[in-house]
Amino acid sequence: MSDHSRIEWTDATWNPVRGCTKISPGCKHCYAETFAERFRGVPGHPYAQGFDLRLVPEKLAEPLRWKSPKTIFVNSMSDLFHVGVPDDYIVAVARVMALARWHTFQVLTKRAERMCELLTGPLAFAARLPHIWWGVSVEDRRYGLPRIQHLRDAPARVRFLSVEPLLEDVGRLDLSGIHWVIVGGESGAGARPMAREWVSSIREQCAKSGVAFFFKQWGGVRKSATGRTLDGRTYDEVPQRVLTACPPELQRQQMLAQAEALSQTLQQRARIEGREAWSPNDLRSS
């Protein structure tokens with residue numbers, strides 16, 4: 001977990017899952033994969049297994065150790081709703097988010113259909129919490145736009161779109177029920193270009209719909225050179241956060257103990273073959 005993320009729209013990152021697999025054009029130059037694969041085979045490194053998907057239960061309790069309220073990007077190095085992540089593990093992650101209500105959690109996925117299904121089922125307890133924001137990636141028309149409808153069908157309190165990397169003109173967006181739109185170009189080696197008019201169109205649509213607009217970057221091989229100004233200014237709009245103080249120390253320690261107990265159970269299970277029964281209901285928000 002990093003408490004000083006370089007991602008412009010968040011404060012920190014939390015990765016109880018690591019690794020992923022590609023499912024759409026937006027994944028082609030995945031920054032997370034590029035980073036993780038640098039350390040494949042390095043003994044003792046968190047990414048010694050490269051970008052292979054794996055659960056990291058020892059990270060489960062980390063947000064509860066942070067007393068200072070933060071915005072936290074959940075699984076910046078993975079996708080919580082990947083088919084390889086069991087439903088009950090996803091619920092356990094959500095239980096931690098529900099407990100740590102002094103933070104604001106940003107959950108972003110390309111597996112929008114599965115997220116919608118779980119938010120209407122076992123994740124219903126977390127769907128309407130104002131400090132958990134649920135979002136989908138939108139890179140193009142074919143793959144990205146259908147995710148918006150899945151997100152809208154989910155009973156989420158706060159919904160957002162990460163339109164990054166923006167690979168084409170996505171046309172007219174239905175922004176009903178959407179609270180935040182982030183736009184950015186692809187960066188790094190092989191970055192595909194983003195046209196100014198694509199960005200301007202989305203900005204104008206957000207303004208007409210009263211949706212917060214955040215412009216992250218132009219991208220390119222050297223994103224520091226291209227910057228993040230649009231028509232002479234930066235756009236850093238975000239939805240209104242519900243500010244909650246960290247609970248008294250005794251209460252926070254009790255929450256932390258619950259999460260750490262579950263984390264230990266999962267770590268022990270990971271050392272043996274197969275999956276033993278365990279209940280995410282061991283971790284309930286008060």
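So, here is what we can say about the structure in this document. (Residues numbered from 1 in each chain as written. Predicted model: local features only at pLDDT ≥ 70, side-chain atom pairs only at ≥ 80, totals over all residues. Heavy atoms only, no water.)

1. Section: the overall build of the protein chain
- Within the protein chain, the regular secondary structure consists of 8 helices and 9 strands.
- Against the compact-globule benchmark of 19 Å for 286 residues, the protein chain has a radius of gyration of 19 Å, which places it among compact chains.
- If one aligns the C-alpha atoms of the protein chain with their principal axes, the spans along those axes are about 50 × 40 × 30 Å.
- The buried share among the 286 residues of the protein chain stands at 53%.
- Pairs at least 24 apart in sequence give 74% of the contacts found in the protein chain among residues at least 6 apart.
- Of the roughly 12,900 Å² of accessible surface on the protein chain, 51% is carried by carbon and sulfur atoms.
- Here the protein chain contributes 39 positive and 31 negative side-chain charges, whose respective centroids are spaced 3 Å apart. (Helix = DSSP H or I, 4+ residues; strand = E, 2+ residues; numbered from the N terminus. Rg over C-alpha atoms; globule rule 2.2 N^0.38 Å. Buried < 20%, exposed > 50% of the residue type's maximum accessible area, 1.4 Å probe, protein only. Contact = heavy atoms within 4.5 Å. Areas by Shrake-Rupley, 256 points an atom, 1.4 Å probe, with all protein chains shown as cover. Lys, Arg positive; Asp, Glu negative; His and termini not counted. Charge placed at Lys NZ, Arg CZ, Asp CG, Glu CD.)

2. Observations concerning the pattern of salt bridges
- Counting across every chain of the model gives 18 salt bridges.
- Between Asp174 and Arg152 there is a salt bridge, with its nearest N and O atoms 3.6 Å apart. One end of the pair, Asp174, is in the loop between strand 7 (158-163) and strand 8 (180-184); the other, Arg152, is in helix 5 (residues 144-153), with 22 residues separating them in the sequence.
- Overall, Asp174 belongs to the partly exposed group, its relative accessible area being 41%.
- Here Glu164 ties to Lys216 by a salt bridge, and the two come within 3.0 Å at their closest N and O atoms. With Glu164 in the loop between strand 7 and strand 8 and Lys216 in strand 9 (residues 212-217), the pair connects residues that are 52 residues apart, well separated along the chain. (Salt bridge = Lys/Arg side-chain N within 4 Å of Asp/Glu carboxyl O.)

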